[in-house]
Number of protein chains: 2
Amino acid sequence: MSRASQVDVAVTLPRNYLRPCLLLLLGEGTAHGYELMDQVAELGLSKVDPAGLYRCLRAMDEEGLVESRWEPSTVGPARRTYGLTDEGRDWLRGVSESLADLNRVLGLFQRRYGVLEGRDPSP
Amino acid sequence: MSRASQVDVAVTLPRNYLRPCLLLLLGEGTAHGYELMDQVAELGLSKVDPAGLYRCLRAMDEEGLVESRWEPSTVGPARRTYGLTDEGRDWLRGVSESLADLNRVLGLFQRRYGVLEGRDPSP
DNA sequence: CCACGCTAGGTGTACTGTGCACCTACGGTG
DNA sequence: CACCGTAGGTGCACAGTACACCTAGCGTGG
C-alpha cells in the first residue's frame with residue numbers, strides 16, 4: 001500500500017442483517033450453527049465470523065425468536081439444533097417488510113445516480 | 001412498555017450509507033451542510049442527526065472526496081459550501097456498484113422469503 | 001500412543017459508526 | 001433586550017462487528 005490516504009471506507013450490509021438471514025434459513029428448516037455458517041453465504045453474507053453467528057443465535061434464543069436443543073453426535077462434538085418459533089416467524093415477516101423498504105430506497109438511489117450519470121432509466 | 005422482553009432490534013440502512021447519499025447530492029450540485037440535511041431525507045434517510053452529517057462531510061473533505069470553502073452569508077452565519085471532487089466521483093461510482101450488489105442480495109432475500117411464505121414470485 | 005486435523009461451539013476485546021445531548025455564533029424580529 | 005431560526009460543530013456513551021483465541025469430541029496417520 002503506497003497511498004496511506006486511500007479511501008477504504010466500505011458501505012456494507014444493513015445492521016443486524018444476520019438476524020433475518022438466520023431466521024429465514026431456520027424457517028426453511030431446523031439446523032445447527034456450524035451448518036448455518038455455510039448457508040448464510042448463499043444469502044450474500046460471505047465470510048461471517050463464527051463469533052457473531054453464535055452470539056446472534058444465542059441472543060435470538062434468549063429473546064424467544066428461536067428455540068434450541070442439544071443433540072449429541074456420534075461423529076463429533078454435540079451440536080445445538082435451532083428451530084424457528086412463532087414469535088420468530090412474526091419478527092421475520094416484519095423485518096422482511098422493512099428490508100423491502102430498504103430495497104426500494106436503494107433502487108431510488110440507483111435511479112437517481114443513473115440520471116446523474118446521464119443514463120436514462122426509462123428509454 | 002409492559003413487555004420487557006419485546007424484540008426491538010431493528011435492521012437499518014447500510015453502514016456508512018450517508019456517504020454515498022451526500023456524494024450523490026453533491027454530484028447533483030454544490031451545497032452546504034444544513035441544506036443537505038433536508039435533501040438526504042428524500043433519499044430514505046429520514047432524521048439524520050447533524051452530528052453525523054457534519055462529521056461525515058469533514059471526513060470526506062480530509063479524504064479528498066469533497067472540497068469545501070467558507071462562504072460568508074448576509075442573512076446568517078457563514079456556511080461551508082461543499083463540492084464533489086474527481087476522486088469523490090470515482091468513489092461514488094464504485095460505491096454505487098456495491099449498492100447495486102446489495103440491492104440484488106436483498107432481492108434474493110425477498111424472493112426466498114416469498115417462497116417460504118408460499119407466494120410464487122413468478123406466476 | 002501421540003500429534004494433527006476437522007467439526008462444533010463458544011469467549012474476550014478492541015474498533016467504529018451512530019445517536020443523543022449539548023454548545024457557539026450570526027442575523028432578524030417583537 | 002430576549003428570543004427564534006440558521007449554520008456548524010464537540011463530547012460521550014452505546015451497540016454491532018471484526019479479529020484473535022479457546023475448549024472439546026472424534027478420526028486418521030506416523
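Here we summarise the structure given alongside this text. Worth saying up front: this structure is predicted, and the values here are computed from it rather than measured.

### So, the relation of the copies chain B and chain A
Two copies of the chain are present, and they differ by a rotation about an axis and a shift along that axis. In screw terms, the move from chain B to chain A is a rotation of 180° and a rise of 0.0 Å along the axis, fitting with an RMSD of 0.1 Å. Given the turn and translation reported, the copies of this chain are related as if by a two-fold rotation axis. Among all residues of chain B, the one whose C-alpha sits closest to the rotation axis is Pro14(B), at a distance of 2.0 Å.

### So, the pattern of salt bridges
All names here are of chain B. Under the criterion given, the structure shown has twelve salt bridges over all chains. The residue Arg69 makes a salt bridge to Glu71 at a minimum N-O spacing of 3.4 Å. By relative accessible area, which is 31% here, Glu71 ends up partly exposed. Across the pair Asp90 and Arg93 runs a salt bridge, and its minimum N-O distance is 3.0 Å. Here Asp90 pairs with Arg93, and both are found in helix 4 (residues 86-116), just three residues apart, close to one helical turn. Classification of Arg93 as partly exposed rests on a relative accessible area of 40%.

### Here's the deal with the sheet that holds strand 1 (residues 31-32) of chain A
Hydrogen bonds between backbone atoms are what pair the strands of a sheet, whose relative direction is either parallel or antiparallel. Residues and elements named next belong to chain A. One open sheet accounts for three strands, arranged 1-3-2; its pairing is antiparallel. Strands with a single pairing partner mark the edges of an open sheet, and in this sheet they are strand 1 and strand 2 (66-71). With two bridges connecting them, strand 1 and strand 3 (residues 79-84) associate as antiparallel partners. Bridged to Ala31 within strand 3 is Tyr82.

### Here we look at the protein's contact with DNA strand D
Arg55(A), Tyr34(B), Arg55(B), Arg79(B) and Arg80(B) are the nearest of the 23 residues found near DNA strand D. In DNA strand D, atoms within 4 Å of the protein come from the sugar-phosphate backbone in 67% of cases. Take Tyr34(B): an N or O atom from its main chain is 2.7 Å from a phosphate oxygen of DNA strand D. Note that a base oxygen of DNA strand D is positioned 2.7 Å from one of the side-chain N or O atoms of Arg55(B). Every element with two or more residues in the surface near DNA strand D is listed here: helix 3 (50-63) of chain A together with helix 2 (33-39), helix 3 (50-63) and strand 3 (79-84) of chain B. The leading source of residues in the surface near DNA strand D is helix 3 of chain B, at four residues. Grouping the amino acids of the surface near DNA strand D by side-chain chemistry returns ten nonpolar, five polar and eight charged.

### Structural notes on the side chain of Arg19(B)
Here Arg19(B) is to be found in helix 1 (residues 18-28). Taking relative accessible area as the criterion, Arg19(B) reaches 5% and is therefore assigned buried.

### Topic: the sheet that holds strand 1 (residues 31-32) of chain B
All names here are of chain B. In spatial order, the strands read 1-3-2; together these three strands make up an open sheet with antiparallel pairing. Every interior strand has two partners, whereas the edge strands, strand 1 and strand 2 (66-71), have only one. Packed onto the sheet, helix 3 meets strand 2 and strand 3 and runs at close to 115° relative to strand 2.

### Section: the protein's contact with DNA strand C
In the neighbourhood of DNA strand C, 23 residues make up the surrounding shell, with Tyr34(A), Arg55(A), Arg79(A), Arg80(A) and Arg55(B) lying closest. Within 4 Å of the protein, atoms of DNA strand C come from sugar and phosphate in 67% of cases. Here a phosphate oxygen of DNA strand C and a side-chain polar atom of Tyr54(A) are 3.1 Å apart. With respect to DNA strand C, the backbone of Arg80(A) contributes an N or O atom lying 2.5 Å from a phosphate oxygen. Contributing elements (two or more residues each) for the surface near DNA strand C: helix 2 (33-39), helix 3 and strand 3 of chain A together with helix 3 of chain B. For the surface near DNA strand C, the element with the highest residue contribution is helix 3 of chain A, accounting for four residues. Considered class by class, the residues forming the surface near DNA strand C number ten nonpolar, five polar and eight charged.

### Some remarks on the side chain of His32(A)
Residues and elements named next belong to chain A. Structurally, the position occupied by His32 is in strand 1. What makes His32 buried here is its relative accessible area of 13%. In this structure the side chain of His32 is engaged in a polar contact, spanning 3.0 Å, whose partner is the side chain of Glu35. Discounting chain neighbours no more than four positions away, the residues touching His32 are Arg79, Arg80, Thr81 and Tyr82.

Conventions used here
- Residues numbered from 1 in each chain as written.
- Chains lettered and ligands numbered in written order.
- Predicted model: local features only at pLDDT ≥ 70, side-chain atom pairs only at ≥ 80, totals over all residues.
- Heavy atoms only, no water.
- Least-squares fit on C-alpha atoms with pLDDT ≥ 70 in both.
- Salt bridge = Lys/Arg side-chain N within 4 Å of Asp/Glu carboxyl O.
- Buried < 20%, exposed > 50% of the residue type's maximum accessible area, 1.4 Å probe, protein only.
- Helix = DSSP H or I, 4+ residues; strand = E, 2+ residues; numbered from the N terminus.
- Pairing = 2+ DSSP bridges.
- Near = heavy atom within 4 Å.
- Polar contact = N/O pair within 3.5 Å; in protein donor to acceptor, adjacent residues only side chain to side chain.
- Nonpolar A, V, L, I, M, F, W, Y, C, P; charged D, E, K, R; others polar.
- Contact = heavy atoms within 4.5 Å.
- Axes fitted to C-alpha atoms, helices over the stretch in contact; angles between N-to-C directions.

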